[in-house]
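# Analysis of the macromolecular model
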Amino acid sequence: MDGHDGSSIRSRPRGAATEAEKRKQIPDRVTLKKEIGLLSACTIIIGNIIGSGIFISPKGVLEHSGSVGLALVVWLLGGCIAALGSLCYAELGVTIPKSGGDYSYVTEIFGGLMGFLLLWSAVLIMYPTTLAVIALTFSSYVLQPVFPNCVPPYMATRMLSATCLLLLTWVNCSSVRMATRIQDVFTVGKLMALGLIIVVGLVQIFNGNYEALTPQVAFSLDRTPSVGQIALAFLQASFAFSGWNFLNYVTEEVVEPRRNLPRAIYISIPLVTFVYTLTNIAYFSSMSPDELLSSNAVAVTFGEKLLGMFSIIMPISVALSTFGGINGYLFTSSRLCFSGAREGHLPSLLAMIHYKKCTPIPALLVCCIATIVILCIGETHNLINYVSFINYLSYGVTIAGLLFYRWKKPNLYRPIKVNLLVPVCYLMFWALLLGFSLYSEPVVCGVGLVIMLTGVPVYFLGVHWKEKPKCISTFIERATYVGQRLCFVVFPQIDPIEIANPSEWTDQSSGRSGVSANS
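Analysis parameters
Residues numbered from 1 in each chain as written. Predicted model: local features only at pLDDT ≥ 70, side-chain atom pairs only at ≥ 80, totals over all residues. Heavy atoms only, no water. UniProt positions renumbered as here; feature names shortened; annotations may be inferred. Helix = DSSP H or I, 4+ residues; strand = E, 2+ residues; numbered from the N terminus. Buried < 20%, exposed > 50% of the residue type's maximum accessible area, 1.4 Å probe, protein only. Contact = heavy atoms within 4.5 Å. Areas by Shrake-Rupley, 256 points an atom, 1.4 Å probe, with all protein chains shown as cover. Salt bridge = Lys/Arg side-chain N within 4 Å of Asp/Glu carboxyl O. Patch = residues over 30% accessible without salt bridge, like charges linked within 9 Å, V, L, I, M, F, W, Y side chains within 5 Å. Polar contact = N/O pair within 3.5 Å; in protein donor to acceptor, adjacent residues only side chain to side chain. Phe/Tyr/Trp six-rings, centres within 6.5 Å; stacked < 30°, edge-to-face > 60°. Expected span 1.5 Å × (residues − 1). pLDDT = per-residue confidence, 0-100. Axes fitted to C-alpha atoms, helices over the stretch in contact; angles between N-to-C directions. Parallel < 35°, antiparallel > 145°, perpendicular 65-115°, else oblique. Left-handed = near helix turned anticlockwise from the far one by under 90°. Nonpolar A, V, L, I, M, F, W, Y, C, P; charged D, E, K, R; others polar.

- The name an unreviewed UniProt entry gives the chain is Solute carrier family 7 member 10b, with Mastacembelus armatus as the organism.
- Checking UniProt for the chain, the heading Subcellular location (unreviewed entry) contains the comment "Cell membrane".

In structure tokens, the structure reads:
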């Protein structure tokens, strides 16, 4: 920020110019732009939630729950739990108005080590694996018509997945506006695809094909599921609902985040829960439990049974849905890397943006490369339980942080303040779910914990150890310089309007004046 900019603000009498007029006097800066309105905010949430999960998880939920009726209950409760969590995240998002979501909140509340462990597990496995699963689902559904009678070749699915990732990485590196427009279009497309499934399923029900949904059949159990199996069914459903907190990763790019962030959450979560429940009802209206469990592509099997010659619509629709999901995950997970680097927990190069396009190119490239590595390692579908466990662990720690922050800073101004029963109910469910998951699948959960704890030595060596040998510091500086030259990136500049305005991080007495000044 140079002296000319500062003097141009201070030379005007207080209150003499509106914020819009102030911005006109300030030259364009190299910084992340606020280009996400309410519609784009909703499509980011919906587009990230509705990716591949609704086309993969129904099989796992039914398998672990043991009956159609119990599976539908799991889907409905999964949406309710996501709604409770999203209410808590709405409070955190407007109280700590920083991009980075869980990571930024945990770092602010519990300190650097806890935040780094969450960041480490997310960057190392959680988001690359989720992106890989979505990309593989995309390629499988695209190639399904080409290989109708067999599983698509291993190399073909990997090559197509990598091509899709590279294309969308290029889009996100080129323009934030282009990436959000793609998200808007493909979110509408995936809602239309699920709408088609729901309509066809409702037609089946109106024609009397609802035997599997009658209470006496739906809740008949061939085997009584254990509490641990029910917990695993919830973990499978949670994979389909994961992404409900992703708007919090891009808070600094949302227009009027205090208004639009909670509004987008309140609109999106109930809509997705409603769509998911109806989609599963549609599946069960035309497919027996055995047919669903034996299917590797539930939506394709559904289309082949009911759409006849138009069954090609289903793999195309699912491909469009997953394509939008990949775009959304790339967009938001790259902002997590960006936020981590800005806090000093990742290499500083990842906190830089293109000097003209204002996009975090290094962070996007790291997300893309990490996902391609996961694709090359082998089969990723078995990692869904690992990812779901780490997801739920991070959700619980973050929402526990909300309660701790209420106690630690009781006078901090909170534009949204949820009833204490909301985080308490979420944490009770969270503790039960993780406890029974540990009991029933100790290896799966243990691997998830080990992955997270491997970040402890990395934190102390890479972050906490400040007095590194000169050769290491020189190497890092040279690598950063080379990265800057290759990607044309610089550190983002600070918004002078944000400096001039009262801080959003104020106590009760001063906070209200700050809000009135911005409203």
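### Side note on the overall build of the chain
- From N to C terminus, the chain includes 23 helices and 2 strands.
- In the chain, which comprises 519 residues, the share counted as buried stands at 54%.
- Taking as baseline every contact in the chain between residues at least 6 positions apart, the subset at least 24 positions apart corresponds to 83%.
- Per element, the accessible surface of the chain, about 22500 Å² overall, is 67% carbon and sulfur.

### Focus: the pattern of salt bridges
- Summed over the entire model, instances satisfying the criterion amount to 5 salt bridges.
- Linking Arg-406 and Glu-91 is a salt bridge whose minimum nitrogen-to-oxygen distance equals 2.8 Å. Separated by 315 residues along the polypeptide, Arg-406 in helix α17 (residues 384-408) and Glu-91 in helix α5 (residues 68-95) bring together distant segments of the chain. For the pair formed by Arg-406 and Glu-91, the shared burial category is buried.

### A closer look at a nonpolar patch on the surface
- On the surface, Met-309, Phe-310, Ile-312, Ile-313, Ile-316 and Leu-320 cluster together into a nonpolar patch covering about 590 Å² of accessible area.
- Relative to the elements of secondary structure, Ile-313 occurs in helix α15 (residues 313-342).
- For Ile-313, a relative accessible area of 34% corresponds to the partly exposed category.

### Focus on the side chain of Asn-260
- If you trace the backbone, Asn-260 turns up in helix α12 (residues 257-286).
- If we ignore the near neighbours within four places in the chain, the residues touching Asn-260 are Leu-38, Val-254 and Val-255.

### Examining the side chain of Thr-398
- In this fold, Thr-398 is placed in helix α17.
- Polar contacts involving the side chain of Thr-398 include one to the side chain of Tyr-89, which spans 3.4 Å.
- Apart from residues no more than four positions distant in its own chain, Thr-398 is found in contact with Tyr-89, Leu-92, Asp-102, Tyr-105, Val-106 and Leu-118.

### So, the packing of aromatic side chains
- The full count for this structure, using the stated rule, is 17 aromatic pairs.
- For the ring pair Phe-110 and Phe-404, a centre distance of 5.6 Å and an interplane angle of 25 degrees mean the geometry is stacked. With Phe-110 in helix α6 (residues 102-110) and Phe-404 in helix α17, this residue pair connects regions lying 294 residues apart in the sequence.
- The class of Phe-110 is partly exposed, set by a relative accessible area of 33%.

### A few points about unusual backbone geometry
- Even without being glycine, Glu-256 reaches a positive phi, approximately 45 degrees.
- Tracing the sequence through the fold places Glu-256 in the loop between α11 (227-241) and α12.
- What makes Glu-256 partly exposed here is its relative accessible area of 45%.
- A positive phi is found at Phe-488, a non-glycine position, where the angle reads about 55 degrees.
- Looking at where Phe-488 falls in the secondary structure, it is placed in the loop between α21 (470-487) and β2 (489-490).

### Considerations on the environment of Tyr-459
- Here Tyr-459 lies in helix α20 (residues 455-464).
- Judged by relative accessible area, Tyr-459 falls into the buried class, the value being 11%.
- Sequence-wise, Tyr-459 and Phe-116 are 343 residues apart; in three dimensions their C-alpha atoms are separated by 6.9 Å.
- For Tyr-459, the contacting residues outside a window of four places in its chain are Gly-112, Leu-113, Phe-116, His-345 and His-464.

### Details of α11
- In a regular helix each residue adds 1.5 Å, so 15 residues correspond to 21 Å; α11 covers 21 Å between its end C-alpha atoms and thus fits that length.
- Within α11, 12 of the 15 residues are buried, which leaves the element mostly enclosed by the surrounding structure.
- Those residues of α11 not exposed but buried are Gly-228, Ala-231, Leu-232, Ala-233, Phe-234, Leu-235, Gln-236, Ala-237, Ser-238, Phe-239, Ala-240 and Phe-241.
- Gly-243 occupies a position one or two residues after α11 and carries a positive phi of about 115 degrees.

### Concerning the environment of Ser-104
- As for its placement among the helices and strands, Ser-104 is situated in helix α6.
- Judged by its relative accessible area of 4%, Ser-104 falls in the buried class.
- In sequence terms Ser-104 and Thr-398 are 294 residues apart; their C-alpha atoms lie 9.6 Å from each other.
- If we ignore the near neighbours within four places in the chain, the residues touching Ser-104 are Lys-98, Ser-99 and Ser-339.

### Quick notes on the confidence of the model for the chain
- Model confidence for the chain is summarised by a mean pLDDT of 79, while 86% of its residues fall at 70 or above.
- Across the chain, the element-wise mean pLDDT spans from 36 in helix α23 (residues 508-518) up to 92 in helix α8 (residues 154-174).
- When the criterion is pLDDT under 50, residues 1-17 qualifies, and its contacts beyond four places in sequence or with other chains add up to 11 contacts.
- Contacts of residues 22-27 to residues separated by more than four positions or lying in other chains number 11 contacts, the stretch itself having pLDDT below 50.

### Remarks on the packing of helix α7 (residues 112-143) against helix α16 (residues 361-377)
- Where α7 contacts α16, the axes come no closer than 8 Å and their chain directions differ by 65 degrees. Between α7 and α16, the crossing angle belongs to the class labelled roughly perpendicular. Two packed elements cross with a definite hand, and for α7 against α16 that hand is right-handed. Mapping the contact onto sequence places Pro-128, Thr-129, Leu-131, Ala-132 and Leu-136 in α7 and Ala-370, Thr-371, Ile-374 and Leu-375 in α16.
- Partitioned by chemical class, the residues of the contact of α7 with α16 number 7 nonpolar, 2 polar and no charged.

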